[in-house]
Amino acid sequence: MRCDVKDEGLMGSIDAKQVEVAPMALALAEARAAAERGEVPVGAVIVRDGQVLASAGNRTLELKDPTAHAETLAIRIACEAIQSERLIDCDLYVTLEPCPMCAAAISFARIRRLYFAASDPKGGAVENGVRLYGSPSCHHAPEVYGGLSEREAAELLRDFFRERR
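Calculation rules
- Residues numbered from 1 in each chain as written.
- Predicted model: local features only at pLDDT ≥ 70, side-chain atom pairs only at ≥ 80, totals over all residues.
- Heavy atoms only, no water.
- Helix = DSSP H or I, 4+ residues; strand = E, 2+ residues; numbered from the N terminus.
- Buried < 20%, exposed > 50% of the residue type's maximum accessible area, 1.4 Å probe, protein only.
- Contact = heavy atoms within 4.5 Å.
- Phe/Tyr/Trp six-rings, centres within 6.5 Å; stacked < 30°, edge-to-face > 60°.
- Salt bridge = Lys/Arg side-chain N within 4 Å of Asp/Glu carboxyl O.
- Expected span 1.5 Å × (residues − 1).
- 1 Å grid on protein atoms, 1.4 Å probe; cavity = no way out; pocket = protein on both sides within 12 Å on 5 of 7 lines; lining within 4 Å.
- Points joined across faces, edges and corners; volume = space filled by probe spheres on them.
- Nonpolar A, V, L, I, M, F, W, Y, C, P; charged D, E, K, R; others polar.

(A) Layout of the overall build of the chain. When you go through the chain residue by residue, the secondary structure sums to seven helices and five strands. Helices (α) and strands (β) of the chain occur, in sequence order from the N terminus, as α-α-α-β-β-α-α-β-α-β-β-α. Classification of the 165 residues of the chain by burial places 44% in the buried group. Within the chain, contacts between residues separated by at least 24 positions form 56% of all contacts whose residues are at least 6 apart in sequence.

(B) Inspection of the packing of aromatic side chains at higher detail. Taken as a whole, this structure holds three aromatic pairs when the rule is applied. Look at Tyr93 and Tyr115: their rings are 4.5 Å apart centre to centre, the planes differ by 5°, and that puts the pair in the stacked class. One end of the pair, Tyr93, is in strand E3 (residues 90–96); the other, Tyr115, is in strand E4 (residues 113–118), and 22 residues separate them in sequence. Note on Tyr93: relative accessible area 2%, which makes it buried.

(C) Here's a closer look at unusual backbone geometry. Residue Gln83 is not a glycine yet carries a positive backbone phi of 55°. You can see Gln83 is positioned in the loop between helix H5 (70–82) and E3. With relative accessibility at 61%, the residue Gln83 sits in the exposed group.

(D) View of the pattern of salt bridges. Applying the stated rule across the entire model yields eight salt bridges. Between Glu143 and Arg113 there is a salt bridge; the shortest N-O distance is 3.4 Å. Taken as a pair, Glu143 in strand E5 (residues 143–146) and Arg113 in strand E4 lie far apart in primary sequence, 30 residues in all. Residue classification places Glu143 among the partly exposed positions, given a relative accessible area of 37%. In this structure Arg113 comes out as partly exposed when scored by relative accessible area, which is 22%. Taken together, the salt bridges that share partners define one network made up of Asp91, Arg112, Arg113 and Glu143.

(E) Spatial organisation of H5. For H5, which comprises 13 residues, the first-to-last C-alpha distance of 18 Å matches the rise-based estimate of 18 Å (1.5 Å per residue) to within 8%. Taken residue by residue, H5 has Ala70, Glu71, Thr72, Leu73, Ala74, Ile75, Ala78 and Cys79 as its buried positions. Contacts from the buried residues of H5 go to strand E1 (43–48), strand E2 (51–57), helix H4 (60–63), E3 and helix H6 (100–108). Positive backbone phi, at 55°, marks Gln83, one or two positions downstream of H5.

(F) Structural context of the layout of surface pockets. Taken as a whole, the largest pocket spans an internal volume of roughly 250 Å³. Lining the largest pocket are 16 residues; nearest its centre among them are Val40, Val42, Leu96, Glu97 and Asp120. The leading source of residues in the lining of the largest pocket is helix H7 (residues 150–164), at three residues. Here the residues of the lining of the largest pocket sort into ten nonpolar, three polar and three charged.

Structure (structure tokens):
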């Protein structure tokens, strides 16, 4: 699957931030699928050179694994796809600001850019909480872009938790 502007027939009609919406749309689809499975609706996609290497949604309940967050699953799939523990020149799109565990995994995988939709004031570790990438002990900090498709991702999370209360 290609996510670049040329394949969409949009060359010159949108700005660079809008180009990044296609992978986020796939991440949102993964989040919706996670919600349908009863998982917290978070989805992640990893792209390199316009190619989707991996996409995943949360599966902590299904796999009975507290580390089975969308980001870590996508990282595992992408690493397998390119046969490397490093995801150099790869970008990760995720529907929620990564937690400390996922932010560290993103750093260790050497993800080039992180795009996230909704901020997470309670559990996030990028712009909130520990702000891992600003720590002197962080060996690699990706470029970070927050707020992409934020409204849709936040609404998905709100609806999910409202239904469970």
